[in-house]
Amino acid sequence: MSPVRILLLSGSTRSASTNTALLRAAAEVAPVDVEPVLWTDLMALPHFDPDDDVEPLPAAVARMRGAIADSGAVLVCTPEYAGALPGSFKNLLDWTVGGTETSAKPFGWINASGRPGGAAGAHDELRTVLTYTDARIVPEACRAIPVQRADVVDGVVVVEPVRAATAEVLRALAAAAA
Ligand SMILES: Cc1cc2nc3c(=O)[nH]c(=O)nc-3n(C[C@H](O)[C@H](O)[C@H](O)COP(=O)(O)O)c2cc1C
C-alpha cells in the first residue's frame, strides 16, 4: 500500500518558530506508512480577496490548495496571537473556503503552547473554521504537545517524548485517512 501523504501546515511565519520546529520533528519521526510534506509558505499568500477567489487563482493560492488536495490528511501546528489564530494563518484558511479541497479531509492539530491557557482561543477558532469548511476533524489527532524554545536545536524539536507524541498523532491521522 502506498503511504498516506500528510501535509504539515505551520501557522507561524517566524524563522525560529517552535511550531514549525515541532512539525519538522514530526516529519523526521513519521511512520513508514506516512509521507510527510512540510508547508511553510504562509508569507507567499496574498491577502484574501473574494474578487480574486476565481480561476485562475493567484499562483501561491493555487499551490497551497493543490497541496491540500494532493494530501490524504492535514496536520496543523499554529501559535496563538491575541487569543485567536494568527491573521496570516486565518488568511490561509479563508482562501480554502471557496474550494472543496478541505471537504471531508481528515485534519488534526498539535498545540505546541507551553503557556497557561494553552492557546485555547486559537484552537477553538481553528475548530470553528475547519468545521465551517467541512473538514473532518480527527479527535485522536488533536493533541497538546507543549514545546519550549530550549527544546529546539537547529530548527527541530529534539526532545524524544515530544517527538514520539507527534508520531502518534501522525499514526492517528494516517489511520483516519486510510
Ligand atoms: C503578536 C503576538 C501575540 C501573541 N498572543 C498570544 C496569545 O494570545 N496567547 C498565547 O498563549 N501566546 C501569545 N503569543 C506568544 C506566541 O504564541 C508564542 O511566542 C509562540 O511561541 C509563537 O509560536 P512560534 O514560535 O511558532 O512563532 C503572542 C505572540 C505574539 C508575537
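Everything in this summary refers to the structure shown in the same document. Being a predicted model, the structure only gives us computed values, none of them experimental.

**Re the pattern of salt bridges**
Reasoning step 1: Within the structure shown, the criterion is met by seven salt bridges.
Reasoning step 2: As a salt-bridge pair, aspartate 94 and lysine 90 come within 2.8 Å of each other at their nearest N and O atoms. Pair noted here: aspartate 94 and lysine 90 are both in helix α3 (residues 87–97), with a separation of four residues, about one helical turn.
Reasoning step 3: Relative accessible area serves as the criterion here: at 21%, aspartate 94 is assigned to the partly exposed category.
Reasoning step 4: Where salt bridges share partners, they join Glu28, Glu160 and Arg163 into one cluster.

**Quick notes on the sheet that holds strand β5 (residues 136–144)**
Reasoning step 1: Strands sit in the order β2-β1-β3-β4-β5 across an open sheet of five strands; the sheet is parallel. If you trace the sheet from one side to the other, it starts and ends with β2 (34–39) and β5, each paired once. Adjacent strand axes in the sheet meet at a mean angle of 20 degrees when their direction is disregarded.
Reasoning step 2: Strand direction decides the pairing type here: strand β4 (residues 106–111) and β5, joined by five bridges, are parallel. Residue pairing for β5: asparagine 111 is matched across the bridge by alanine 144.
Reasoning step 3: Across the sheet, helix α4 (residues 120–132) lies against β3 (73–77), β4 and β5, angled at about 170 degrees from β4, the strand it touches most.

**Structural notes on the environment of isoleucine 145**
Reasoning step 1: For isoleucine 145, the position within the fold is in the loop between β5 and β6 (152–153).
Reasoning step 2: For the pair isoleucine 145 and isoleucine 110, spaced 35 residues apart in sequence, the C-alpha separation works out to 6.1 Å.
Reasoning step 3: Sequence-distant contacts of isoleucine 145, that is, excluding residues within four places in its chain, are made with Leu22, Ile110, Asn111, Ala112, Val162, Ala165, Thr166 and Val169.

**Quick word on the packing of aromatic side chains**
Both the distance between ring centres and the angle between the ring planes are used here to describe each pair of aromatic rings.
Reasoning step 1: All chains considered together, the criterion is met by one aromatic pair.
Reasoning step 2: A centroid spacing of 4.8 Å and a plane angle of 80 degrees characterise the contact between phenylalanine 48 and tryptophan 95, whose relative ring orientation is edge-to-face. Pair noted here: phenylalanine 48 is in the loop between β2 and α2 (59–69) and tryptophan 95 is in helix α3, with a separation of 47 residues, a long-range link.
Reasoning step 3: Given a relative accessible area of 0%, tryptophan 95 falls into the buried group.

**A short note on unusual backbone geometry**
Reasoning step 1: Note that the residue after glutamate 55, namely proline 56, is joined by a cis bond; omega there is -10 degrees.
Reasoning step 2: Mapped onto the fold, proline 56 is located in the loop between β2 and α2.
Reasoning step 3: Look at alanine 104: it is not a glycine, yet its phi comes out positive at around 65 degrees.
Reasoning step 4: Looking at the element boundaries, alanine 104 is found in the loop between α3 and β4.

Reading the values: rules and limits
Residues numbered from 1 in each chain as written. Predicted model: local features only at pLDDT ≥ 70, side-chain atom pairs only at ≥ 80, totals over all residues. Heavy atoms only, no water. Salt bridge = Lys/Arg side-chain N within 4 Å of Asp/Glu carboxyl O. Helix = DSSP H or I, 4+ residues; strand = E, 2+ residues; numbered from the N terminus. Buried < 20%, exposed > 50% of the residue type's maximum accessible area, 1.4 Å probe, protein only. Pairing = 2+ DSSP bridges. Axes fitted to C-alpha atoms, helices over the stretch in contact; angles between N-to-C directions. Contact = heavy atoms within 4.5 Å. Phe/Tyr/Trp six-rings, centres within 6.5 Å; stacked < 30°, edge-to-face > 60°.

These values are about where atoms sit, not about what they do.
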